[in-house]
Every structure is written in C-alpha cells, then in structure tokens.
Amino acid sequence: MVRRNDQRRAVLVDAAIEVLAREGARGLTFRAVDAEAAVPTGTASNYFSSRDDLLTQAGARVYERLQPDEDTIARQREADRDRETYAELMRELVGRVSSFRTGYLALLELRLEATRRPELRAVLTERVRADLAANVAYHESSGLPGDAMAVKLLYLALNWLIVEQLTLPDVLSEAERDELVTAAVERLVPEPR
C-alpha cells in the first residue's frame, strides 16, 4: 500500500534528490533515501511503488523547486522588453538553477539513467518537452525580443554553461559566466525594431 502523507513524501523525494546528486542513480535505494531523510528503514518503500516511481518523482520535484517564486515572476512582468532585460532574466535563471546544485546534478543523473531505462526516458522526454514549450510560450506572451528559435538556442547553451559551473566550477568565474550569458543573448536575440 502506497502512503499519502504529502509532507513526508516531499521529505523523501528531497532526500532522493540529495542521494542522486551525491551517489548517482546506482546509489539511489530506498534504504539510502530513508537514511538521508532520517526516517525509519522501510519508510520510502511505503511511499513509492517502485524505484522507477521514486526516480520519476525526484525528477518532477527538481522542476518544481527550480520554478521562480512569485516575486521574481512579478518583477519579470514589470520589466522592460529589451535585450538587456532579457539578458538579466537569463543571468537570474542561470544563477537560480546553479544555486540548486544538487537538484541539477540529480537531473543529470536522471538523464544518464534514462539512456538505460526506456520508461524513465519517456517520462523525462515528456517533461523536458513540456518545460521547453512552456518557456517558448512564456517568451512569446512576454513581449521580449526574439523568437522560439532563440529561446531553444539559449536553453541549450545555458544548460551546458550550468553543467560547466556545477561540475568544473573553476573553469569560469561567476563574472565570466554572466558575461557569457549576456553575449549569448546579444548574439541570439535580435534588437527590437
């Protein structure tokens, strides 16, 4: 029987994210999640029907935690609609994602695991496709310069910049990271006419 205490489930899923980031997908076991969450052995197995269920829910939780807060969204809606604003939004995005280091590393682990697990690949493909479509839709409704292609190119470029920052943080300084984000926006997004 799968339990429904949402608060306990969230604690367990957050623990799974930490285990994924630290130990990789192979180290993600119910026992490891129980230990990380500091709950009695056997608790995670009462909340998740399978390891695949746990992997899937961990991926979904990372996306939840990466969403901007209401203040950030309100500030974005009130900002100018030019390339400098766009660059500032992208610098904020890269900073927000980079600051949730374990979450992003867990997503990378999930992507690697998805190469071996078709069911997980299907779930992640659907989630990433939906996330990218939501980014394009937000961009198109925001009035910011650029088009869907610019959004997708920035998505790809900035994801690798984040990987670089999280896995080899001494390659680029934070100032260089910000310069690269600004340059990517300037080169991929045309000036409004």
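For the structure itself, look to the data block above.
Just so it is clear, the structure is predicted and the values come from calculations on it, not from any experiment. (Residues numbered from 1 in each chain as written. Predicted model: local features only at pLDDT ≥ 70, side-chain atom pairs only at ≥ 80, totals over all residues. Heavy atoms only, no water.)

Brief notes about the overall build of the protein
Inference 1: Looking only at helices and strands, the protein features 10 helices and zero strands.
Inference 2: Listed by position from the N terminus, the elements making up the protein come as α-α-α-α-α-α-α-α-α-α.
Inference 3: With the principal axes as the frame, the protein shows a C-alpha extent of 60 × 35 × 30 Å.
Inference 4: Buried residues in the protein amount to 41% of all 193 residues.
Inference 5: A sequence separation of at least 24 residues applies to 68% of the contacts in the protein between residues at least 6 apart.
Inference 6: Approximately 11,000 Å² of the protein is accessible, and the part contributed by carbon and sulfur atoms is 52%. (Helix = DSSP H or I, 4+ residues; strand = E, 2+ residues; numbered from the N terminus. Buried < 20%, exposed > 50% of the residue type's maximum accessible area, 1.4 Å probe, protein only. Contact = heavy atoms within 4.5 Å. Areas by Shrake-Rupley, 256 points an atom, 1.4 Å probe, with all protein chains shown as cover.)

Here we look at the packing of aromatic side chains
Inference 1: Taken as a whole, this structure holds zero aromatic pairs when the rule is applied.
Inference 2: The ring of Phe-48 has Arg-9 sitting right over it, with the charged end atom 5.2 Å from the ring centre. (Phe/Tyr/Trp six-rings, centres within 6.5 Å; stacked < 30°, edge-to-face > 60°. Lys NZ or Arg CZ within 6 Å of the ring centre and 35° of its normal.)

Some words on helix H5 (residues 70-78)
Inference 1: The set of residues buried in H5 consists of Thr-72, Ile-73 and Gln-76. For H5, the angular spread of the buried residues around the axis is 100 degrees, confining them to a single face. The outward face of H5, more than 90 degrees from its buried face, is lined by the exposed residues Glu-70, Asp-71, Arg-77 and Glu-78.
Inference 2: Buried residues in H5 make contact with helix H6 (83-99) and helix H8 (118-142).
Inference 3: For H5, the capping residue at the N-terminal end is Asp-69, with a side-chain oxygen 3.3 Å from the backbone nitrogen of Asp-71. (Arc of directions from axis to C-beta. Polar contact = N/O pair within 3.5 Å; in protein donor to acceptor, adjacent residues only side chain to side chain.)

Quick word on the pattern of salt bridges
Inference 1: One pass over the structure, following the stated rule, counts 15 salt bridges.
Inference 2: For Arg-117, the salt bridge goes to Glu-113, with nearest N and O atoms at 3.2 Å.
Inference 3: On the accessibility criterion, Glu-113 (1% relative accessible area) is buried.
Inference 4: A salt bridge links Arg-177 to Asp-178, with the nearest nitrogen and oxygen atoms 3.7 Å apart.
Inference 5: What makes Arg-177 buried here is its relative accessible area of 9%.
Inference 6: Among the residues examined, Asp-178 registers a relative accessible area of 25% and is labelled partly exposed.
Inference 7: In the salt-bridge network here, residues are joined through shared partners; they are Arg-26, Asp-52, Glu-113, Arg-116 and Arg-117. (Salt bridge = Lys/Arg side-chain N within 4 Å of Asp/Glu carboxyl O.)

Re the packing of helix H7 (residues 101-114) against helix H9 (residues 148-167)
Inference 1: One way to put it is that H7 packs onto H9 with a least axis distance of 11 Å and a crossing angle of 110 degrees. Between H7 and H9, the crossing angle belongs to the class labelled roughly perpendicular. With respect to the hand of their crossing, H7 and H9 are arranged in left-handed fashion. Facing H7, whose interface residues are Arg-101, Tyr-104, Leu-105, Leu-108 and Arg-111, H9 presents Tyr-155, Asn-159, Ile-162, Val-163, Leu-166 and Thr-167.
Inference 2: The residue makeup of the contact of H7 with H9, split by class, is seven nonpolar, two polar and two charged. (Axes fitted to C-alpha atoms, helices over the stretch in contact; angles between N-to-C directions. Parallel < 35°, antiparallel > 145°, perpendicular 65-115°, else oblique. Left-handed = near helix turned anticlockwise from the far one by under 90°. Nonpolar A, V, L, I, M, F, W, Y, C, P; charged D, E, K, R; others polar.)

Notes on the packing of H8 against H9
Inference 1: Between H8 and H9, whose axes approach to 9 Å, the crossing angle comes to 130 degrees. Considering their axes alone, H8 and H9 lie oblique with respect to each other. Handedness of the H8/H9 crossing: right-handed. In this structure, H8 uses Val-128, Leu-132, Asn-135, Val-136, His-139 and Glu-140 to contact H9, whose residues at the interface are Ala-148, Val-151, Lys-152 and Tyr-155.
Inference 2: For the contact of H8 with H9, the per-class residue count stands at six nonpolar, two polar and two charged.

Some points on H8
Inference 1: Between its first and last C-alpha atoms H8 spans 36 Å; for 25 residues at 1.5 Å apiece the expected length is 36 Å, and the two agree.
Inference 2: Along H8, the residues classified as buried are Leu-120, Leu-124, Val-128, Asp-131, Leu-132, Val-136, His-139 and Ser-142.
Inference 3: Contacts made by the buried residues of H8 are with helix H4 (51-66), H6, H7 and H9. (Expected span 1.5 Å × (residues − 1).)

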